[in-house]
Every structure is written in structure tokens, then in C-alpha cells.
Amino acid sequence: MHNRWHPDLEPIAEVGVDEEVRLETADGVAGQLTRASSHADAGALDLGLAHPLNGPLFVRDAEPGDVLEVEFLEYESADFGITAAIPGFGYLADLFPDPYLVKWEIAEGLARSEELPGVAVPDGTFAGVVGVAPSWELLEEFQRREEALRERGQPVADPARESAIPAAAASGLRTIPPRETGGNLDIRQLVAGSRLWLPVAVPGALFSAGDLHFAQGDGEVCGTAIEVAGAVTVRFALHKSPAVRTRFPSYETPERPGRRSFATTGIPVEVGMDLNAAAREALLEMIAHLERTYGFERPAAYALCSAVVDLRISELVDVPYPVVSALLPLDVFSP
């Protein structure tokens, strides 16, 4: 396992295109929360240990300038998962300052929790973190870029070098943000049957994956999904020096049936064309709906939003107000 992106990590294996590879993974909080954990434990995490990844894999014949195609063939989930509201982290961290932990038992393709009675979340397992190693030049560019953001007052993950695994990778990049080479994408559509294209920056690509989510809503609003250990099976293809290469990762989804949903909306009538404000309004309306309709505790409702509610841009052209919708899939409520 490793929890930093670094071009000098020793590959754990060399694989060729069309080979199937199964990677076993720890959960995104490195197993720090268990069935015995309390709400308070969610406030005592070492976040520097986040996202232990399996890898890297050296993909034979991959060279800088190529594009690595990753086909996700199968996921396996453990029988236990967590969703945690962590102080100082999450979209509504200013409104939820206290730690809160939802513990999920997973069986027969459904996740259930005592904190959310009557809820049964169906399996939608995907890898939250997936990517390839940056070159030294990219690593230094990314670090300069993020330090400039920090100096402008933007939130940026602390290097937390003392928590780096392996210790020799302490000069590498945290796995908290997504970047051009992939990383913490948290794209819930990367389920089995999907394909992801990543720009190769180093010989062998040095592919890694981890941070499996049994389920997640678009936005992962409290900062965690249903975090699980498990395994992912992938297969690679290579596109050699393509004429067109996107700057950021791109992906293709498998066909999936629609789900019946109830939605709240957010319209930022006080501030005008501000998508962030619209998203907050939609999410706060949904949390209030879950409290009022189902009797959930407010932090539990927030956690459920992170696990299943999708934030969608409904419109951003009707000045002076955009609209963001928060969609709650109704099939999570067991009869």
C-alpha cells in the first residue's frame, strides 16, 4: 500500500495490456474506524493516512504521451462500511462541527445502518481514487500550483509528511485532490463495466487504485461515502501517442436503468449567479426534508445525503439565478 503519488515508487508488479489484474484495497480511512468505533472516534482520525492505495502497477510499453485505458471489470466489497462527518471537513463543515459516525452492515447487495432505520442502500461499488503517477516535472508543477492556491487563502490539504507510506514518498503528492493524472476523482459512475482514460506521464504509467465506495451521491457532500475495503479487477489498453489527448481524465459509463427520485432545489435568491450557494440551498432543503419526513437526526441525514443524494446543475443561464437540484433515490427506503 502507498498513500502518496510519487514517480519513484517501486512497482508491485508488471502487467501487459489485456491482462486481468485484481487489486485488494483497504478502506479510505485506512481501517481507523471499525464496528467498535464511536462518534467521537470520527473526530480523532489521522487524515494523513487517508487513501491507502494498492499499486503501483507497471504497464508494459506505456510511455509518456500515451493514454492508458482502464476497464473496470469487477468490484468486491467487504461486509462493513462507514460514513463519517469529520470536523472541519465536508461541504457543510461550518454547520456540522461535531464528529458523527454511521456504521453500515452490508449483506446481499444492500447496506443498512442503525443510525438510519428503514434505509437499505443498493450496491454501487466503485473506486474513489484511481490514477497514474506524475512525472517529477508534473509533481513539482502541481506542488507550486497548490501552494499558490494556499497563499491566496484557498483550502489545500496539508502535506502531513509524517504519515506518508512509504516514508520515502513523503515528498510526493497527497491523494486528497484530483489532478490531471487522476487521483481522488470520486466519480460514482466508475462502476464495473466503465472505462477510464488517463494521460501517461512516466514509463509504465504506474497505476494505482483504492478508496472503494459501496455507494455515494454525486458530490459526496459530507466528505465520505460508504467507505469499504474490498477488491477491484481491471484490464488495461494503451493508446500510443494519440493525436488528441484530453488534459483531464475522461470516462465512459455502462448503461444503467433510471431510479425514481424526490428532489429539492436550491435558488440563490440573495446572492445571484452563485452555483455554490445554490448547491448549499438545495442540500439544506434536502436535509430538512429527511429530518421532517423520516425523523432522522440531522447529522445522520447529512451523512445519508453524502451516501445517496445526487447534486445536479439544473440550469445556469436564467439570470440572475441558477438552479441546483438534490435528488434522493426513493429505492433506498425499504418497505
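The structure this text deals with has already been given above.
Trainee: Before we move on, can you summarise the layout of surface pockets with the specific residues and values?
Mentor: In this approach the atoms are scanned with a rolling probe the size of a water molecule, which exposes any empty space left behind. What the largest pocket holds in volume is close to 1,200 Å³. Surrounding the largest pocket, 42 residues form its lining, Pro155, Val156, Ala157, Ile176 and Pro177 being those nearest its centre. Breaking the lining of the largest pocket down by element, the ones donating at least two residues are helix 1 (136-151), strand 10 (173-174), strand 11 (178-179) and strand 14 (207-213). At 6 residues, helix 1 tops the list of elements feeding residues into the lining of the largest pocket. Residues that form the lining of the largest pocket fall into these classes: 17 nonpolar, 12 polar and 13 charged. The volume enclosed by the second largest pocket comes to roughly 540 Å³.

Trainee: Lay out the packing of aromatic side chains with the relevant residues and their values.
Mentor: All chains considered together, the criterion is met by 5 aromatic pairs. Between Phe72 and Tyr75, the ring centres sit 6.1 Å apart and the planes meet at 15°, which makes this aromatic pair stacked. Note on accessibility: Phe72 and Tyr75 belong to one class, buried. Judged by centre distance (5.0 Å) and plane angle (75°), the rings of Phe207 and Phe236 are edge-to-face. In this pair, Phe207 is assigned in strand 14 and Phe236 in strand 15 (residues 227-239), connecting sequence segments 29 residues apart. The exposure classification of Phe207 matches that of Phe236, with both residues buried. An aromatic cluster is defined as three or more aromatic residues linked by ring pairs; in this entry it consists of Tyr294, Phe296 and Phe333.

Trainee: Can you break down unusual backbone geometry residue by residue, with the values?
Mentor: Note that the residue after Gly55, namely Pro56, is joined by a cis bond; omega there is 0°. Considering the arrangement of structural elements, one finds Pro56 in strand 4 (residues 53-59). The amide bond that connects Ile165 to the next residue, Pro166, takes the cis arrangement and shows omega of -10°. Tracing the backbone through its elements, the reader meets Pro166 in the loop between helix 1 and strand 10. The phi angle at Asp61 is positive, at roughly 80°, despite the residue not being glycine. For Glu108, which is not glycine, the phi dihedral falls at a positive 55°.

Trainee: I'd love a proper account of the sheet that holds strand 18 (residues 310-315), names of residues and values included.
Mentor: Two orientations exist for strands paired in a sheet by backbone hydrogen bonds: parallel and antiparallel. Sheet architecture is open: 3 strands sit in the order 17-19-18, paired in antiparallel fashion. Every other strand in the sheet has two partners, leaving strand 17 (261-266) and strand 18 as the edge strands with one partner each. In this sheet, adjacent strand axes meet at a mean angle of 30° when their direction is disregarded. Pairing between strand 17 and strand 19 (residues 323-329): 6 bridges, direction antiparallel. Counted as the bridge partner of Thr264 is Ala326 from strand 19. Sheet contacts for helix 2 (residues 275-294): strand 17, strand 18 and strand 19; angle to strand 17, the most-contacted strand, approximately 135°.

Trainee: How would you sum up the side chain of Thr175? Please name residues and give values.
Mentor: Considering the arrangement of structural elements, one finds Thr175 in the loop between strand 10 and strand 11. A polar contact of 2.8 Å, which involves the side chain of Thr175, links it to the side chain of His51. Beyond its immediate chain neighbours, meaning those up to four positions away, Thr175 contacts Asn3, Arg4, Trp5, Ala50, His51, Leu53 and Asn184.

Trainee: Requested: an account of the state of the cysteines, with residues and values cited.
Mentor: Within the structure shown, the criterion is met by 0 disulfides. You can see Cys222 has no disulfide; the closest cysteine sulfur is in Cys305, sitting 9.1 Å from it. We classify Cys222 as buried; its relative accessible area is 0%.

Trainee: Which residues make up empty space enclosed by the protein, and what values go with them?
Mentor: Under the definition given, this model contains 1 cavity of 30 Å³ or more. As for the largest cavity, its lining consists of Trp5, Val132, Pro134, Leu173, Arg179, Thr181, Gly182 and Gly183. Grouping the amino acids of the lining of the largest cavity by side-chain chemistry returns 4 nonpolar, 3 polar and 1 charged.

Trainee: Which residues make up the packing of helix 2 against helix 3 (residues 298-308), and what values do they have?
Mentor: Interhelical geometry of helix 2 versus helix 3 gives an angle of 120° and a closest axis separation of 9 Å. One way to sum up the angle between helix 2 and helix 3 is to call them oblique. For the crossing formed where helix 2 meets helix 3, the hand is right-handed. Listed contacts from helix 3 to Leu283, Leu284, Met286, Ile287, Leu290 and Glu291 of helix 2 are Arg298, Ala301, Tyr302, Leu304 and Cys305. Looking at side-chain class alone, the contact of helix 2 with helix 3 contains 9 nonpolar, no polar and 2 charged residues.

What counts, and at which threshold
Residues numbered from 1 in each chain as written. Predicted model: local features only at pLDDT ≥ 70, side-chain atom pairs only at ≥ 80, totals over all residues. Heavy atoms only, no water. 1 Å grid on protein atoms, 1.4 Å probe; cavity = no way out; pocket = protein on both sides within 12 Å on 5 of 7 lines; lining within 4 Å. Points joined across faces, edges and corners; volume = space filled by probe spheres on them. Helix = DSSP H or I, 4+ residues; strand = E, 2+ residues; numbered from the N terminus. Nonpolar A, V, L, I, M, F, W, Y, C, P; charged D, E, K, R; others polar. Phe/Tyr/Trp six-rings, centres within 6.5 Å; stacked < 30°, edge-to-face > 60°. Buried < 20%, exposed > 50% of the residue type's maximum accessible area, 1.4 Å probe, protein only. Pairing = 2+ DSSP bridges. Axes fitted to C-alpha atoms, helices over the stretch in contact; angles between N-to-C directions. Contact = heavy atoms within 4.5 Å. Polar contact = N/O pair within 3.5 Å; in protein donor to acceptor, adjacent residues only side chain to side chain. Disulfide = S-S within 2.5 Å. Parallel < 35°, antiparallel > 145°, perpendicular 65-115°, else oblique. Left-handed = near helix turned anticlockwise from the far one by under 90°.

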